[in-house]
Amino acid sequence: MNTDVLIIGGGVGGLTVALRLAMCGIDVTVVEQQKGSSHTYKGELLQPKSLEIFRRLNIAEEIRKNGHPLHTISVEEKKNKSGYYQHRGKSKMDYRVISTPFNYGLMIPHEELKKIILSNAMKYTTFHYYQPARFTEFVNQDKALINYNGSTLQINAKVFVGAEGRRSKVRQYIGNDIKEQMYDHHFLTVTFPRPSDLTEGKMISTKDTFLGLFPLPDNKVRSVYLIPSGEYKAIKEKGIEEFFDRVISLCPELDTFINQIPSWKQIQLMIPFQYHAKAYSKHNKVIIGDAAHTVHPMAGEGMNLAIQDGDALGDLICWMDEQSDYSEKHLNWFEKVRKPRVDHLLNLSHLAALAYSKPFRYFTKIRGRGFKQMENDHMLHYKQMLNISGLGMWKESLYERFIQLGLLPARSFQKKHMLQSDHLFTMKEDYPWRYKGGVANDC
Ligand SMILES: Cc1cc2nc3c(=O)[nH]c(=O)nc-3n(C[C@H](O)[C@H](O)[C@H](O)COP(=O)(O)OP(=O)(O)OC[C@H]3O[C@@H](n4cnc5c(N)ncnc54)[C@H](O)[C@@H]3O)c2cc1C
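Everything quoted here is computed from the prediction, not taken from an experiment.

About the criteria used
- Residues numbered from 1 in each chain as written.
- Predicted model: local features only at pLDDT ≥ 70, side-chain atom pairs only at ≥ 80, totals over all residues.
- Heavy atoms only, no water.
- Helix = DSSP H or I, 4+ residues; strand = E, 2+ residues; numbered from the N terminus.
- Buried < 20%, exposed > 50% of the residue type's maximum accessible area, 1.4 Å probe, protein only.
- Contact = heavy atoms within 4.5 Å.
- Areas by Shrake-Rupley, 256 points an atom, 1.4 Å probe, with all protein chains shown as cover.
- Lys, Arg positive; Asp, Glu negative; His and termini not counted.
- Charge placed at Lys NZ, Arg CZ, Asp CG, Glu CD.
- Core = buried A, V, L, I, M, F, W, Y, C linked by side-chain atoms within 4.5 Å.
- Expected span 1.5 Å × (residues − 1).
- Near = heavy atom within 4 Å.
- Polar contact = N/O pair within 3.5 Å; in protein donor to acceptor, adjacent residues only side chain to side chain.
- Nonpolar A, V, L, I, M, F, W, Y, C, P; charged D, E, K, R; others polar.
- UniProt positions renumbered as here; feature names shortened; annotations may be inferred.
- Patch = residues over 30% accessible without salt bridge, like charges linked within 9 Å, V, L, I, M, F, W, Y side chains within 5 Å.
- Salt bridge = Lys/Arg side-chain N within 4 Å of Asp/Glu carboxyl O.
- Axes fitted to C-alpha atoms, helices over the stretch in contact; angles between N-to-C directions.
- Parallel < 35°, antiparallel > 145°, perpendicular 65-115°, else oblique.
- Left-handed = near helix turned anticlockwise from the far one by under 90°.

Topic: the overall build of the protein
Move 1: Regarding its fold elements, the protein presents 14 helices and 22 strands.
Move 2: C-alpha extents for the protein along the principal axes are approximately 70 × 55 × 40 Å.
Move 3: Out of the 443 residues in the protein, the part that is buried amounts to 56%.
Move 4: Relative to all contacts within the protein whose residues are 6 or more apart in sequence, the contacts with residues 24 or more apart total 72%.
Move 5: Carbon and sulfur atoms make up 50% of the accessible area of the protein, which amounts to about 19,500 Å² in all.
Move 6: On the protein, the mean spot of the 59 positive side-chain charges and the mean spot of the 48 negative ones are 4 Å from each other.

Here's what the structure looks like:
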């Protein structure tokens, strides 16, 4: 069979490209290997840029109704004294320092989000979806083999999108060797009922651990608890009460809530790592999302990078279709726009992860001071929120790194209105092919 674009993998990234392409009237086929929905936790915090993209895809309202908005994430440092945790300092990250309609994050169950994107793509007659259907190999430049219903489908396409996550096969065809960077800590993650006043994000950290709490709809909360790598088995053997006790000692308000988790089966072990592929495309093949990069989950970016990749690639292929020019050279635009942004967020997430790693664990004071300085210095606060929101990119200067470390004082002279400068991405920066045309390498 023939299709214009074959997308391998029906995760958030693949489905976002597919919806974008279907809206342009392009014939697009998605193959997804899984039988039904996944029970694995895969990220639930939508950053502002992803919400802005969903508005352009006309699904923002449906997503908002099924999610829980977060305006702030409080950051609390605690100290263990004779077996009890004592308050040491508190600060807050606030999305509202960015003046845009999307100055909040949104928590939504991952499978719910995928369902919304898929059901909207299904409305278009040029959208085709095969599940369970597994890509196995390419037989030549323009043909992919798919296992479907016990037989092999041969699918010809002009462009092949590898959106199949961490174990991407398309990445191998592009010729990428990835180097995984591992960390010295793992996470336990689980959802459970929340106290009614836990409506904003909350992070509690000590010199040994970290607890993140992110409220979901239906009075639930997603928790993420840091453990040293290799300790999972020992904790599990002590029984689920051990886990409850650890969480309650950090956050006593969760007593009678966390205890409602029926068994260890609900608690998932999350092993963070990071990599970034050298090249995103070759010939008529291109990789997006986790196939191209994986990020430490500390800054909550992985799912958002996949969605933002999906939007950029979708628009690029729509533009190529409008020009009736599917030349492979145009696909270079995708890497040119997305790679520097992904690099920046990978670095930010990596720095955040280091703050909780063993060699740096004894710098808890510096970590707490860094957040406090950020809260007091409007420019630092604005940059932090802008960068994690995905709405723009504004790197911290060396001078500002010194402020973060507490070596220089926070700047109190800044006026908030001075910060609403031109650091939000413009349409021209998001979709430059529409303004410059031609080949990315020539620009
Ligand atoms: C345990 C865990 C926790 C995470 N926590 C967070 C978080 O807190 N915040 C955050 O933003 N991100 C988080 N992430 C990352 C986030 O889930 C991913 O970055 C995001 O899902 C990437 O989307 P994707 O579409 O690129 O890939 P995926 O979501 O992995 O989707 C790939 C799809 O391709 C399918 N597939 C694979 N091979 C084939 C094949 N051969 N043929 C057909 N289909 C195939 C898979 O079944 C899958 O459905 C987490 C990820 C994991 C695994």
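Digging into the nonpolar core
Move 1: Judged by nonpolar contacts, the single largest core of 78 residues is most densely connected at Ile7, Leu46, Phe54, Leu113 and Leu313.
Move 2: In terms of residues, this core owes the most to one element, helix α8 (residues 302–322), which gives eleven residues.
Move 3: If sequence neighbours within four positions are ignored, Leu313 has contacts with Val17, Val161, Val286, Ile288, Leu331 and Phe334.
Move 4: The next biggest cluster of nonpolar side chains, apart from the first, holds 31 residues, and it includes Met203, Val224, Met298 and Met379.

A look at helix α11 (residues 378–389)
Move 1: Counted at 1.5 Å a residue, the expected span for α11 with its twelve residues is 16 Å, and the 16 Å between its end C-alpha atoms agrees.
Move 2: Among the twelve residues that make up α11, eleven are buried, leaving the element largely enclosed by the rest of the structure.
Move 3: Within the span of α11, buried status applies to Met379, Leu380, His381, Tyr382, Lys383, Gln384, Met385, Leu386, Asn387, Ile388 and Ser389.
Move 4: Just past α11, the residue Gly390 takes up positive phi, approximately 85°.

Comments concerning the site of the ligand
Move 1: The immediate surroundings of the ligand are formed by 30 residues, with Glu32, Tyr41, Lys42, Asp290 and Met303 found nearest.
Move 2: Between the ligand and Lys42, the relevant distance is 2.5 Å, taken from an oxygen atom to a main-chain nitrogen or oxygen of the residue.
Move 3: One nitrogen or oxygen atom from the side chain of Asp290 is found 2.7 Å from an oxygen atom belonging to the ligand.
Move 4: For the ligand, the accessible surface in isolation is 1,000 Å², of which the surrounding protein chains cover 90%.
Move 5: Elements with a minimum of two residues in the shell around the ligand: α1 (12–23), β9 (133–140), β18 (268–270) and α8.
Move 6: A per-class count over the shell around the ligand returns ten nonpolar, 13 polar and seven charged.

Examining the UniProt feature "domain: FAD-binding" (unreviewed entry) in the protein
Move 1: According to UniProt, the feature "domain: FAD-binding" (unreviewed entry) maps to residues 3–342 in the numbering used here.
Move 2: In residues 3–342, helix accounts for 27% and strand for 33%; the two terminal C-alpha atoms are 29 Å from one another.

Notes on a nonpolar patch on the surface
Move 1: A cluster of nonpolar residues, Leu398, Phe402, Leu405 and Leu407, forms a patch on the protein surface that exposes about 400 Å² of accessible area.
Move 2: Within the element layout of this structure, Phe402 appears in helix α12 (residues 398–404).

A few points about the pattern of salt bridges
Move 1: Tallying each qualifying case throughout the model produces 21 salt bridges.
Move 2: The residue Lys207 makes a salt bridge to Asp208 at a minimum N-O spacing of 3.4 Å.
Move 3: Given a relative accessible area of 36%, Lys207 falls into the partly exposed group.
Move 4: A relative accessible area of 37% places Asp208 in the partly exposed class.
Move 5: Here Asp430 and Arg341 are joined by a salt bridge, their closest N and O atoms 2.8 Å apart. In this pair, Asp430 is assigned in helix α13 (residues 427–430) and Arg341 in helix α9 (residues 332–354), connecting sequence segments 89 residues apart. The pair Asp430 / Arg341 is uniform in exposure class, with both members buried.

Considerations on the packing of α1 against helix α4 (residues 110–121)
Move 1: It is the contact of α1 with α4, at a shortest axis distance of 9 Å, that shows an interaxial angle of 20°. It follows from the interaxial angle that α1 and α4 lie roughly parallel. When the axes of α1 and α4 are compared, the crossing they make is left-handed. Residues Val12, Leu15, Thr16 and Leu19 of α1 form the contact with α4, whose own contacting residues are His110, Leu113, Lys114, Ile117, Leu118, Asn120 and Ala121.

Some thoughts on helix α2 (residues 48–56)
Move 1: Counting buried positions along α2 gives seven out of nine residues, so the element sits mostly inside the fold.
Move 2: If you check which residues of α2 are buried, you get Pro48, Lys49, Ser50, Leu51, Glu52, Ile53 and Phe54.
Move 3: At the C-terminal side of α2, Asn58 shows a positive phi close to 60°.

Section: the packing of α8 against α9
Move 1: The interhelical angle for the contact between α8 and α9, taken along N-to-C directions, is 165°, at an axis separation of 10 Å. Relative to α9, the element α8 lies roughly antiparallel. Relative to α9, α8 is oriented so that their crossing is right-handed. Residues Leu305, Gln308, Asp309, Ala312, Leu313 and Leu316 of α8 touch α9, and the partners they reach there are Trp333, Phe334, Arg338, Val342, Leu345 and Leu346.
Move 2: When the residues that make up the contact of α8 with α9 are grouped by side-chain class, the tally is nine nonpolar, one polar and two charged.

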